[in-house]
Amino acid sequence: MSVYKYFGIFLALTVGATVQAQQCRLDLKLGMVDDWPPLTYFDNGKAAGLDIEIAKKVLGSINVCLTYVKLPSSARALEQMDSGQIDMAVMVSYTPQREKYGYFSIPYRHEKMRLFSLLPAQPIENIAQLLDEAKTIGLSIGSFYGEELASLARSPKYQEQLVGISSASRRSDMLAKKRVDFIIDDQITGLYITKTQGHDQIKLWPYVVHDNEVHILLRRTQQNQALMNEINLAITKLKPEIDELVTKYTHN
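Residues numbered from 1 in each chain as written. Predicted model: local features only at pLDDT ≥ 70, side-chain atom pairs only at ≥ 80, totals over all residues. Heavy atoms only, no water.

For the protein, the count of helices and strands is eight helices and twelve strands. Taking the principal axes of its C-alpha atoms as reference, the protein extends roughly 80 × 45 × 30 Å. Of all 252 residues assigned to the protein, the portion counted as buried reaches 47%. The long-range fraction of contacts in the protein, counting pairs at least 24 apart against all pairs at least 6 apart in sequence, stands at 76%. With an accessible surface of roughly 13,200 Å², the protein has 52% of that area assigned to carbon and sulfur atoms. Within the protein, one finds 28 positive and 28 negative side-chain charges whose respective centroids are separated by 5 Å. (Helix = DSSP H or I, 4+ residues; strand = E, 2+ residues; numbered from the N terminus. Buried < 20%, exposed > 50% of the residue type's maximum accessible area, 1.4 Å probe, protein only. Contact = heavy atoms within 4.5 Å. Areas by Shrake-Rupley, 256 points an atom, 1.4 Å probe, with all protein chains shown as cover. Lys, Arg positive; Asp, Glu negative; His and termini not counted. Charge placed at Lys NZ, Arg CZ, Asp CG, Glu CD.)

Printed below as a string of structure tokens:
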């Protein structure tokens, strides 16, 4: 191969890299829980999952690139956003207390928080009924499960029965080993782990713990306030594609 041909290949690769770099007008650090399949997780070192696919689709459409920061829990995401170590988080439920950390996007999907147990599913009136029967419940650290559970968590009577467990796979493992009596997880995650980790004995309970919408959370800066307007427009435009992704993950 001639030196001119080598130079041509080098020039093409260089131009291609430059064009790709120019397409990213910003690079945001997205903090993600590293073990919450199939919503957010790392696969051979690469960020993956439903909410990561949605973030890539939305941010990519406005030429913003993402760098992924591995976090052990949802609580850590808020801490690192507060200290400026990350710029963005996904799959965030709205609460007034969380507004101090950043700007909330319009909702991009719904989540359904449900009980899972080795016990046969049965109707219950409320979660306090289970706690009054001395049952223990494993929860994601820093996640919001609705006002009912938040109220119970504030009660000294029940605090020792609500067990913080960092990762989704560990929650299911502790349930399978009878270290806790129940876990609460996003329905998509609970059914996925039951299927993929061979925990067929784990049963979904019909009681609605919390149904709500989830959002992108963007760190509070003057620049990000304008960027959030673009993100909201992108979510609106891409909603049919986002809904299609959610359906795929739900059915699978």
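On we go from here.
With that settled, the discussion passes to unusual backbone geometry. A cis amide bond links proline 37 with the next residue in sequence, proline 38, at an omega value of 0°. Here proline 38 is to be found in the loop between strand E2 (35–36) and strand E3 (40–43). Of note, the phi angle at methionine 91 is positive, near 60°, even though the residue is not glycine. Relative to the assigned elements, methionine 91 resides in strand E6 (residues 88–93). Residue methionine 91 is classed as buried on the basis of its relative accessible area, which comes to 13%. The phi angle at alanine 134 is positive, at roughly 65°, despite the residue not being glycine. Within the secondary structure, alanine 134 is located in the loop between helix H4 (127–132) and strand E9 (137–139).

To describe a pair of aromatic rings, you give the distance between the ring centres and the angle between the ring planes. Using the criterion set out here, one finds two aromatic pairs in the structure. Arranged with centres 4.9 Å apart and planes meeting at 85°, the rings of phenylalanine 182 and tryptophan 205 form a pair that is edge-to-face. Here the residue phenylalanine 182 occupies a position in strand E11 (residues 182–186), and tryptophan 205 occupies one in strand E12 (residues 203–219), the gap between them amounting to 23 residues. When the ring centre of phenylalanine 42 is taken as origin, the NZ or CZ atom of lysine 70, which lies over that ring, is 4.9 Å away. The ring centre of tryptophan 36 lies 5.0 Å from the NZ or CZ of arginine 171, which sits over that ring. (Phe/Tyr/Trp six-rings, centres within 6.5 Å; stacked < 30°, edge-to-face > 60°. Lys NZ or Arg CZ within 6 Å of the ring centre and 35° of its normal.)

Turning next to the pattern of salt bridges. Enumeration according to the criterion identifies ten salt bridges in this entry. Residues aspartate 51 and arginine 109 are paired through a salt bridge, measuring 3.1 Å at the closest nitrogen-oxygen approach. In this pair, aspartate 51 is assigned in helix H2 (residues 50–60) and arginine 109 in strand E8 (residues 109–117), connecting sequence segments 58 residues apart. You can call aspartate 51 buried: its relative accessible area is 0%. Each of Asp51, Arg109 and Asp186 takes part in one network of salt bridges that share partners. (Salt bridge = Lys/Arg side-chain N within 4 Å of Asp/Glu carboxyl O.)

When a strand is regular, its side chains alternate between the sheet's two faces. One ladder, built from four bridges, connects E6 with E12; its direction is antiparallel. Residue pairing in the sheet places valine 92 in a bridge with histidine 215 of E12. Note: strand E7 (residues 102–104) against E12, three bridges, orientation antiparallel. Pairing of glycine 102 across the sheet is with arginine 219, part of E12. For E8 and E12, the ladder comprises eight bridges, and the chain directions are antiparallel. For phenylalanine 116, the partnering residue across the bridge sits in E12 and is leucine 204. (Pairing = 2+ DSSP bridges.)

Moving on, we come to the nonpolar core. Burial of nonpolar side chains together is a common tendency in soluble globular proteins. Of all hydrophobic cores here, the largest spans 38 residues; its most connected members are Val58, Leu59, Met88, Ile216 and Ile231. Mapped by element, the contributors of at least two residues to this core are strand E1 (26–33), H2, strand E5 (64–71), E6, helix H7 (187–196), E12 and helix H8 (222–251). Of the residues forming this core, the biggest block, ten residues, is contributed by H8. Each residue touching valine 58, except ones within four places of it in the same chain, is listed here: Ile216, Ile231, Ala234, Ile235, Leu238 and Ile242. (Core = buried A, V, L, I, M, F, W, Y, C linked by side-chain atoms within 4.5 Å.)

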